[in-house]
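Coordinates in review
The lines below spell out each chain.
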Amino acid sequence: MNRAYSITAAELAARGREGIPPELLSSAHLIYSSPATLAFNSPGAQGFGVKRAGLAVPGSVMLLVAPACCGRNTAALGCEASLAERFFYLMQDDTDIVTGRHLARIPEAVKEVCDSCAERPSAVMICITCVDALLGTDMERVCRKASEYAGVPVVPCYMYALTREGRLPPMVSVRRSVYSLLQPREKVASSVNILGFFSPLRDDSELYTLLRSAGIRTIREISRCADYAEYQAMAEANFNLVLNQEARHAAADLQKRLGIPSVELARLYQTDKIANQYRLLGQAVGAEFDDAPFRECAEKTISDFRDRFGHRTFAVGEWLNADPFELSLSLIRNGFAVSEIYGTVGGSNFVYVRKIAALSPGTKIYSNLSPSMMFYDGSDSPCDTVIGRDAMYYHPGLPGVPWNEERQPFGYAGVAALFGVLGKALSEKKESAR
Amino acid sequence: MKSLLKHLSPFAPDQSGAVSALFDFGGLIVICDAGGCTGNICGFDEPRWFIRRSAVFSAGLRDMDAILGRDDKLVSKLQSAMDGSGLKFSAIIGTPVPAIIATDFKALKRMAEKRTGLPAITVPTTGTRHYDRGASDAWLELFKTFATERHAIVPGTVGILGASPLDFPSLDAGELLSAALVAEGWKSVRCYGMGAGLDDVRTASAVAKNLVVSPAGLAAAKYLLATFGTPYEVRCPWLPPQMLDALPSLAGKKTLVIHQQFAANAVRDAVLNLDASSQITVASWFMMEPDYMRENDFHIESEEAFIEAVANGGYDAVVCDSRLRTVLPRTQAFHIIDFPHFAVSGRLFDEVK
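Residues numbered from 1 in each chain as written. Chains lettered and ligands numbered in written order. Predicted model: local features only at pLDDT ≥ 70, side-chain atom pairs only at ≥ 80, totals over all residues.

Right, let's get into the domain arrangement of chain A. All names here are of chain A. Splitting chain A by domain gives domain 1 (7-30 + 291-433), domain 2 (45-174) and domain 3 (191-265). Between the C-alpha centres of domain 1 and domain 3 there is a distance of 29 Å. Counting residues at the interface gives 11 residues for domain 1, matched by 11 residues for domain 3. Broken down by element, the residue count for the side of domain 1 that touches domain 3 peaks at four residues, all from helix H20 (residues 411-433). Here the side of domain 1 that touches domain 3 is built from residues that sort into six nonpolar, two polar and three charged. (Domains from an automatic or database assignment. Contact = placed C-beta atoms within 7 Å. Helix = DSSP H or I, 4+ residues; strand = E, 2+ residues; numbered from the N terminus. Nonpolar A, V, L, I, M, F, W, Y, C, P; charged D, E, K, R; others polar.)

Okay, structure coming up:
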């Protein structure tokens, strides 16, 4: 092993979903750790991991119950002062791990945390880690006890990295946790929740306009809730709009507990597919959306970009707000080339691999996590523009955009915004080259 | 509650210390975890990881690996990553997961050596202790594994033990420490872990003396003394310029210095050189070696104990990483001097404002 492993889209498609080579399967090899994979190895180190996500409940605080190592990177999150004040740590020592005696201290620790806060927290989120996963701790029971003792809602958040590829990965589980405090309310027909992200959609997303055109007056997202009361009002929603499949489990739980049904939309960059999705959403909610102006605007942005910068050749990463394979397919269908994709191929995106293989069979697919990426050398790559924070790491000299901002792009507005920032990056690169 | 942190976040753990000690030697490092520990170590505790490619890997453990204890699978993955890579050894670093399932690290070492045909180091860190314990264990294991032959002593050659960015928060710390010793008249300096290579470790017995600059290096120094008779001295020959500039303001004052013990001792020595009447107390959250403590020096056991000690100590000044400022009693007027400690705050000296 002295060069980075890659496979062309054509070869991969020919192998089929069952024939994905072991080099692309994270369970078959060690996981390479480079800055390109930081978001994978430590979701909390950047963006939203379980710890930061658990604090999505307005006014809540988090008590991390774990060995010190699990809380270490929280210092980085704590750079943001408002977050730092919301994290507390009950550290486990070797004896705790062996005997589980730390569980008896949790109710008292929760009370001490609440007493130390200037303002009483709305809830205490207890974050537990691989240790309690292996110990088989019944944290629901511990939380009930702590809640009775401290007089505050206490909710478990399972940061079980060991179960990352299991039925209930940590980021799926935490989405259920943050909505678990909602209590039944009378439904309001003109109210809807957007589930999926821990930060709001970009304000310019047409989704808001389209929903309002269908008579929806109140659109709530947890990240826009100013306080606990507003958060609780999410229970009145007529339906939930799920924009990230990791929120599917939370939506199912809300349907079961509060009777709120859900509709799921995917984040896409192919404008015809976006249009199709809106048509189906309209059918589901009994409305006909006029999305043509938004689509036109997005497609014009793409054609303006192409006119101005020509047929670029992209390298697309996976540390970004998109499915790298769907985004790559969109770029190819819009007349651009994609020479490389750094992504994790799985059941849900193999369909895009097949379509890419038909249009651009030579596109190379790499796995960020493969140990062979230690030897990655992009110097012979034909790409001239990069998208994704990981792709930028591999091609530091090329113009590109990380496209992983916290404000979430969605729909046509997301497409337009992407090509907008790409245009800016290329202009700046040209300018600095002069 | 002793184990509750209400103001601070946890310090660098033992597994980070172990990786930091081994990072510079050209081996393949496998962190025996599910992924999160690796992210924390690399993304937060190892500043060198961001500026150069390194062979650091996560074992990528999943629940069934932990439940079934699939060590053979881990070693197969390790062998596959080592094959043709040109890396010189492998190292397997513990985390809470192997600690809970009682992984036999000695067996892992034997299995890895057999499969790869190359030396392997295992450090059974648990994630519950501080970085210096892990670094100490890793240094010791490194020298036990590679420094096996006696070499003729090369006069004028000195080794530095215990240097890492976690203790000396600068990417140039190895060069700065070495330069300070060259200025003292040493002809050749080996700063293990920050500049010196694996061949320097193999010929560690050739140095005339070792200098131990943090408590993490002491166990290895004692091992080299016992094995080869190499004498050692505990001393920190370099302090950052910002710290040196601040020393005159501490002369004659009652000061609490908080850092790794040997760096804090160096501050004390420097202040006492300026004014012997100064009252300097050294404290640390980390290892405090009794042989190098003076009266009133203390180990900080908990956040609560720290607050109480500072509140009742009657200090005029506190020298510490400014991250600790959040815990210092706000009712008291201290002169606070920032002395960054990467293991505490993840800040480098260069980031001091």
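There's more to say after this.
Okay, the packing of helix H17 (residues 324-333) of chain A against helix H18 (residues 350-359) of chain A next. All names here are of chain A. The contact between H17 and H18 brings their axes to 9 Å, and the two run at 25°. One element, H17, and the other, H18, form an angle in the roughly parallel class. Handedness of the crossing formed by H17 with H18: left-handed. Here H17 contributes Phe 325, Glu 326, Ser 328, Leu 329, Ile 332 and Arg 333 to the contact with H18, which in turn contributes Tyr 352, Val 353, Lys 355, Ile 356 and Leu 359. The residue inventory of the contact of H17 with H18, partitioned by class, reads seven nonpolar, one polar and three charged. (Axes fitted to C-alpha atoms, helices over the stretch in contact; angles between N-to-C directions. Parallel < 35°, antiparallel > 145°, perpendicular 65-115°, else oblique. Left-handed = near helix turned anticlockwise from the far one by under 90°.)

Looking at soluble globular proteins, one finds that nonpolar side chains tend to be buried together. If you look at the biggest cluster of nonpolar residues, it comprises 262 residues, and the most contacted ones within it are Leu 63 and Ile 126 of chain A together with Leu 22, Ile 29, Val 30 and Trp 139 of chain B. No other element matches H20 of chain A, which puts nine residues into this core. In contact with Ile 126 of chain A, not counting residues within four places along its chain, are Leu 63, Val 65, Ile 106, Met 139, Cys 143, Val 154, Val 155, Pro 156 and Cys 157 of chain A. (Core = buried A, V, L, I, M, F, W, Y, C linked by C-beta atoms within 7 Å. Buried ≥ 20, exposed ≤ 12 C-beta atoms within 10 Å, placed from the backbone.)

Another aspect to go through is the sheet that holds strand E12 (residues 298-299) of chain B. Residues and elements named next belong to chain B. With parallel pairing, five strands are arranged side by side in an open sheet as E12-E11-E10-E13-E14. Unpaired on one side and paired on the other, E12 and strand E14 (335-338) mark the two borders of the sheet. Of the pairings in the sheet, the one linking strand E13 (residues 317-320) to E14 comprises four bridges and is parallel in character. Bridge pairing links Val 318 to Ile 336 in E14. In this fold helix H12 (residues 261-274) packs onto strand E10 (254-258), strand E11 (279-284) and E13, with an angle of close to 175° to the strand it touches most, E11. (Pairing = 2+ DSSP bridges.)

So, on to the pairing of strand E3 (residues 61-66) of chain A. Residue and element names in this part refer to chain A. Where burial is concerned, most of E3 is hidden: six out of the six residues are buried. Covered by surrounding structure in E3 are Val 61, Leu 63 and Val 65 together with Met 62, Leu 64 and Ala 66, the residues of both alternating faces. Across five bridges, the pairing between E3 and strand E5 (residues 124-128) is parallel. If you follow Val 61 over to E5, its bridge partner there is Val 124. Of the pairings in the sheet, the one linking E3 to strand E4 (residues 87-91) comprises five bridges and is parallel in character. By the bridge assignment for E4, Leu 63 is matched with Phe 88.

This part takes up the interface of chain B and chain A. Taken residue by residue, the interface counts 53 residues in chain B and 54 residues in chain A. Elements with a contribution of two residues or more to the side of chain B that touches chain A: strand E1 (4-5), helix H2 (36-45), strand E3 (56-58), helix H3 (63-68), helix H4 (71-82) and helix H5 (96-100) of chain B. In terms of residue count, H2 of chain B provides more of the side of chain B that touches chain A than any other element does, nine residues in total. Of the residues contributing to the side of chain B that touches chain A, the split by class is 26 nonpolar, 20 polar and seven charged. Pairing of strand E2 (residues 31-32) of chain A with E3 of chain B, which is carried by two bridges, proceeds in the antiparallel orientation. Residue pairing across strands places Tyr 32 of chain A opposite Phe 57 of chain B, the latter belonging to E3 of chain B.

What follows is about helix H16 (residues 292-309) of chain A. Residue and element names in this part refer to chain A. Taking 1.5 Å per residue, 18 residues should reach 26 Å; H16 reaches 26 Å between its end C-alpha atoms and fits that length. Buried residues of H16: Phe 294, Ala 298, Thr 301, Ile 302 and Phe 305, and no others. Down the axis of H16, the smallest arc covering the buried residues is 90°, so these residues share one side. Opposite the packed face of H16, turned more than 90 degrees from it, sit the exposed residues Ala 292, Pro 293, Glu 296, Lys 300 and Asp 307. The inward-facing, buried residues of H16 abut helix H12 (206-213), helix H15 (271-285) and H20. Just beyond H16, the residue with positive phi is Gly 310, at close to 80°. (Expected span 1.5 Å × (residues − 1). Arc of directions from axis to C-beta.)

Positive phi values are uncommon outside glycine, yet Ala 102 of chain B reaches one of about 55°. Note on placement: Ala 102 of chain B falls in the loop between H5 and helix H6 (105-116).

All names here are of chain B. As far as domains go, chain B holds domain 1 (14-146), domain 2 (157-234) and domain 3 (241-351). Taken over C-alpha atoms, the centre of domain 2 sits 25 Å from the centre of domain 3. Taken together, the contact between domain 2 and domain 3 spans 11 residues of the former and 16 residues of the latter. Residue classes in the side of domain 2 that touches domain 3 are distributed as eight nonpolar, two polar and one charged.

All names here are of chain B. Between helix H7 (residues 131-146) and helix H10 (residues 218-228), the least distance of the axes is 7 Å, while the angle of their chain directions is 25°. One element, H7, and the other, H10, form an angle in the roughly parallel class. Listed contacts from H10 to Ser 136, Trp 139, Leu 140, Phe 143 and Lys 144 of H7 are Ala 219, Ala 220, Tyr 223 and Leu 224. Broken down by class, the residue content of the contact of H7 with H10 amounts to seven nonpolar, one polar and one charged.

A few words now on the environment of Tyr 131 of chain B. Residues and elements named next belong to chain B. Relative to the elements of secondary structure, Tyr 131 occurs in helix H7. Since 34 C-beta atoms lie within 10 Å of it, Tyr 131 is described here as buried. Residues Tyr 131 and Lys 106 lie 25 residues apart in sequence; the distance between their C-alpha atoms is 21 Å. In this view, Tyr 131 contacts Phe 11, Ala 12, Pro 13, Asp 14, Ser 16, Gly 17, Leu 166 and Ala 343; residues no more than four positions away in its chain are not counted.

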